[in-house]
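Understanding the architecture of this molecule
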Amino acid sequence: MALNATTTLPYTPAEVVATFADRAFVEHLGTQVGGTLKDFTVSGDLAGAFESVTVRSVPTDRLPEIARKFVGASVDVTQREAWSAPAADGSREANVTVEVSGIPVNVSAVQRVAAAAGGSRVDLEGEVSSGIPFLGGKIASAAEPFVGKALNLQAAQAKAWLERQA
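Attention here is on the structure that accompanies the text. (Residues numbered from 1 in each chain as written. Predicted model: local features only at pLDDT ≥ 70, side-chain atom pairs only at ≥ 80, totals over all residues. Heavy atoms only, no water.)

1. A closer look at empty space enclosed by the protein
Condition: Lining residues are those with an atom within 4 Å of a point, where the points come from a 1 Å grid over the protein atoms alone and group into cavities, where a 1.4 Å probe fits but cannot get out, or pockets, open sets with protein on both sides within 12 Å along at least five of seven lines. Grid points are joined across faces, edges and corners, and a volume is the space filled by probe spheres set on the points. Secondary structure elements are defined from DSSP: runs of H or I of at least 4 residues count as helices, runs of E of at least 2 residues count as strands, and each element is numbered from the N terminus. Classification used: nonpolar for Ala, Val, Leu, Ile, Met, Phe, Trp, Tyr, Cys and Pro, charged for Asp, Glu, Lys and Arg, polar for all others including Gly.
By the definition in use, this model includes 2 cavities of 30 Å³ or more. When residues of the lining of the largest cavity are traced back to their parent elements, those giving at least two are α2 (23–32), β3 (50–59) and β4 (74–83). Looking at side-chain class alone, the lining of the largest cavity contains 4 nonpolar, 4 polar and 2 charged residues.

Below you can see the structure in the form of C-alpha cells.
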C-alpha cells in the first residue's frame, strides 16, 4: 500500500528538521497518539547527516479486533530516520523505516523537507508491506491508514510546536 502526503509549513527546513530531532517534540508527538516514549536517540550532528531512532509503546485500541488478539493492548513501534546533510538551500531528506513489534508490517519511506516560498514543503512517499503469504496484502492495507496518519501527524504537530516556541 502506498503512502503519499504533502504538507507546507511556514518555517525553514532547518527549523522543521531540528523539531523532528527534538526529544521534547518526539515525546509530545507520542502523547498525541496515546503512546509512551520508551527510547529516543540522535546520532550525529544536526548540521550534517544524522540518524534518529524513536521507540514508542502505542495502544492497539484502534486496530481491528483480529490484530488486537495477537498483539495485546499495546505494541512497540520503532521509527528510524537517516537524514542527509542539508543541500545549499537547506533542503534535506530522510530514509524512514518503521517496524511494529508483534505485527508483520514494514514501512519504508522517504521524507523530504524542501525549501519553499514562505517556508518548507514536507513530502512523504513510501510503502507499507507485509511478508505473510496470502494475508500480507490485507494486513498492509489495514495498517496503511494508521501508519499514514502517524507519519502525517508529525508534520502537523511540528507546525503547532514551532508556533508555541516562537
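2. Brief notes about the nonpolar core
Applied cut-off: By nonpolar core we mean a set of buried residues, namely Ala, Val, Leu, Ile, Met, Phe, Trp, Tyr and Cys, connected to one another through side-chain atoms within 4.5 Å. For every residue, the accessible area obtained with a 1.4 Å probe (protein chains only) is divided by the maximum for its type, and the residue is called buried under 20%, exposed over 50%, and partly exposed between those limits. Working rule for contacts: check all heavy atoms of both residues, and any pair within 4.5 Å makes them a contact.
Val16, Phe20, Trp83 and Val113 are the most contacted members of the largest nonpolar core, which has 32 residues in total. Other than its neighbours up to four places away in sequence, Val16 contacts Leu9, Tyr11, Val113, Ser120, Val122 and Leu162.

3. Focus: helix α1 (residues 13–20)
We apply this condition: In this description, one arc is meant: the one made by directions from the helix axis to the C-beta atoms.
Of all the residues in α1, the buried ones are Pro13, Val16, Val17, Thr19 and Phe20. Take α1 and look down its axis: the buried residues cluster within an arc of 155 degrees, on one side only.

4. Side note on the side chain of Ser120
The condition that has to hold: What qualifies as a polar contact is a pair of N or O atoms within 3.5 Å, subject to a donor-acceptor requirement within protein and to the restriction that residues adjacent in sequence count only when both atoms come from side chains.
In this fold, Ser120 is placed in strand β7 (residues 119–129). According to the relative accessible area criterion, Ser120 is buried, its value standing at 2%. Side-chain polar atoms of Ser120 contact the backbone oxygen of Tyr11, separated by 2.5 Å. In contact with Ser120, other than residues within four places in its own chain, are Thr7, Thr8, Leu9, Tyr11, Thr12, Pro13, Val16, Val113 and Ala114.

5. Some thoughts on the pattern of salt bridges
Heads up, the rule is: Counted as salt bridges are all cases of a side-chain nitrogen of Lys or Arg within 4 Å of a carboxyl oxygen of Asp or Glu.
Tallying each qualifying case throughout the model produces 6 salt bridges. Measuring nitrogen to oxygen at the nearest pair gives 2.8 Å for the salt bridge that ties Arg121 to Asp123. The buried category is assigned to Asp123, whose relative accessible area is 11%. In this structure, Glu163 engages Lys159 in a salt bridge whose closest nitrogen and oxygen atoms are separated by 3.2 Å. Here Glu163 pairs with Lys159, and both are found in helix α4 (residues 136–165), just 4 residues apart, close to one helical turn. The exposure class assigned to Glu163 is partly exposed, which follows from its relative accessible area of 42%. Classification of Lys159 as partly exposed rests on a relative accessible area of 32%.

6. So, the sheet that holds β3
Heads up, the condition is: Here, strands pair whenever DSSP counts at least two bridges between them. Interaxial angle, 0 to 180 degrees, is taken between N-to-C directions of lines fitted to C-alpha atoms, where a helix line uses only the stretch in contact.
Pairing is antiparallel across the open sheet formed by 7 strands, whose spatial order is β1-β7-β6-β5-β4-β3-β2. The outermost strands of the open sheet, each flanked by one partner alone, are β1 (2–9) and β2 (36–43). If you compare each strand with its neighbour and ignore which way they point, the axes differ by 15 degrees on average. Bridge count for β4 against strand β5 (residues 92–100) is 7 bridges, and the pairing is antiparallel. For Glu81, the partnering residue across the bridge sits in β5 and is Val96. On top of the sheet, α2 reaches β2 and β3; it is set at about 150 degrees to β2, its chief contact.

7. So, α2
One turn of the α-helix equals 3.6 residues, which is why residues spaced by three or four share an orientation. Considered for burial, the residues of α2 that qualify are Phe25, Val26, His28, Leu29 and Gly30. Capping of α2 at its N-terminal end is provided by Asp22; its side-chain oxygen lies 2.7 Å from the backbone amide nitrogen of Ala24. Of the residues one or two after α2, Gly34 is the one with positive phi, at around 75 degrees.

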